[in-house]
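# Structural description and commentary
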Amino acid sequence: MQRLSPALRQDNVPLDLIALIKTILAATKEISFRVSQGHLGGLLGSTLDENIQGEVQKKLDVVANELFKDILLESGFVKAISSEEEDTSVAGEEYGKYIVSFDPLDGSSNIDINSLIGTIFSIHKAPEGMDASDPDMFKQSGNKQVCAGYVLYGPSTMLVMTTGSGTHFYVLDRTHGGYLLVQRNVQIPADTQEFAINMSNQRFWQRPMQNYINDLIAGDTGPRGKNFNMRWIAAMVGDIHRVLCRGGIFTYPADSKKAEQPYKLRLMYEANPMSFLIEQAGGTAVTSEGRIMDIEPTSIHQRVEVIMGSKNEVEKCLSYYK
Ligand code: FBP
């Protein structure tokens, strides 16, 4: 099996970007070890602090965030970072060529129940002539990502990544401590009979989404004429990984649960990187109004509606909004 660097060179990835990716992955190996320690590591449970989004921070959220922040900012490749756990962007190397957005631990509600969690990252080029402390550097659409990926801390630790030449799967080989390529150019089946949504929010969804999901649940007794199965891991990394492995549709739609916050998932370090991976694997990633990666960001912690996965099923879902 091919090691990471030769696999990336095969995709003509620039050497400095390979070095940055390896820096990110060094932090994920440490996190993978800490996560695998569970109760033994003393890092389960919550802190008394909240992040800027009003979420109570888990101890592992904070440890993972500090690990990432330190290793990226001291790497020399990174002009600035933005993180789910940081109020605003944090300046790094003034002449750094890249900026990195990341969710240090996605699926935080799964940490204390030993369920699937992961790290999500998105890399853009650093705009010329801007100060490293200027958060406006991050106002770049998903189309401009040069790399995106996640590391899933599950039974095995898996890296799923794209640099624009397809979406590839890697597994962390604990014998030599490196990620090995296990599947190139993953392709998502265009059709599916599996959907992922938090059903408990149903009464708060917009009418088109209610109608779409009702027809899935009606199965072969309804207009879709076939049965659909539901899955919800409550960690985007886990639900998207299943979609990449066997197809499906994943959605976190707009809802009226909190009038001031109709969307849940964050554009910069959840929706954009997952969209790049999904599209590079032949899937579709949209809001009910358009392609996620075409969105021009307005803020680092901006939230968006998410509908992504098997191409024909996402198109079918969108047809309910017409
Ligand atoms: P964080 O855990 O990083 O805050 O991410 C949000 C998230 O956990 C997603 O991973 C997941 O898809 C969603 O929220 C689960 O939402 P809910 O709590 O409604 O099931």
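Residues numbered from 1 in each chain as written. Predicted model: local features only at pLDDT ≥ 70, side-chain atom pairs only at ≥ 80, totals over all residues. Heavy atoms only, no water.

## Points about the nonpolar core
Among the nonpolar cores identified, the biggest contains 39 residues, and L20, I21, L72, I123, L159, M161 and Y170 are the most heavily contacted of them. Excluding residues within four positions of it along the chain, L72 makes contact with L20, I24, V78, I81, V100 and F102. (Core = buried A, V, L, I, M, F, W, Y, C linked by side-chain atoms within 4.5 Å. Buried < 20%, exposed > 50% of the residue type's maximum accessible area, 1.4 Å probe, protein only. Contact = heavy atoms within 4.5 Å.)

## Considerations on the pattern of salt bridges
Close approach of charged atoms allows side chains with opposite charge to pair. Enumeration according to the criterion identifies 15 salt bridges in this entry. Ionic pairing is found between E30 and R34, a salt bridge with its closest N-O pair at 3.0 Å. A residue pair is termed a helical-turn pair when its members lie 3 or 4 positions apart in one helix, as E30 and R34 do in helix α2 (residues 15–37) at four residues. We classify R34 as partly exposed; its relative accessible area is 31%. One salt-bridge network, in which partners are shared between bridges, spans E194, D239, R242 and R246. (Salt bridge = Lys/Arg side-chain N within 4 Å of Asp/Glu carboxyl O. Helix = DSSP H or I, 4+ residues; strand = E, 2+ residues; numbered from the N terminus.)

## Some remarks on the pairing of strand β10 (residues 178–183)
As defined by bridge partners, strand β9 (residues 167–173) adjoins β10 across five bridges and the pair is classed as antiparallel. The residue bridging F169 from the neighbouring strand is Q183, located in β10. (Pairing = 2+ DSSP bridges.)

## Describing unusual backbone geometry
Phi is positive for N114, close to 55 degrees, though the residue is something other than glycine. Looking at the secondary structure, you find N114 in the loop between β5 (98–106) and β6 (117–125). Of the residues examined, N114 reaches a relative accessible area of 72% and is grouped as exposed. Positive phi outside glycine occurs at A234, with the angle close to 65 degrees. Relative to the elements of secondary structure, A234 occurs in the loop between β12 (229–230) and α5 (236–246).

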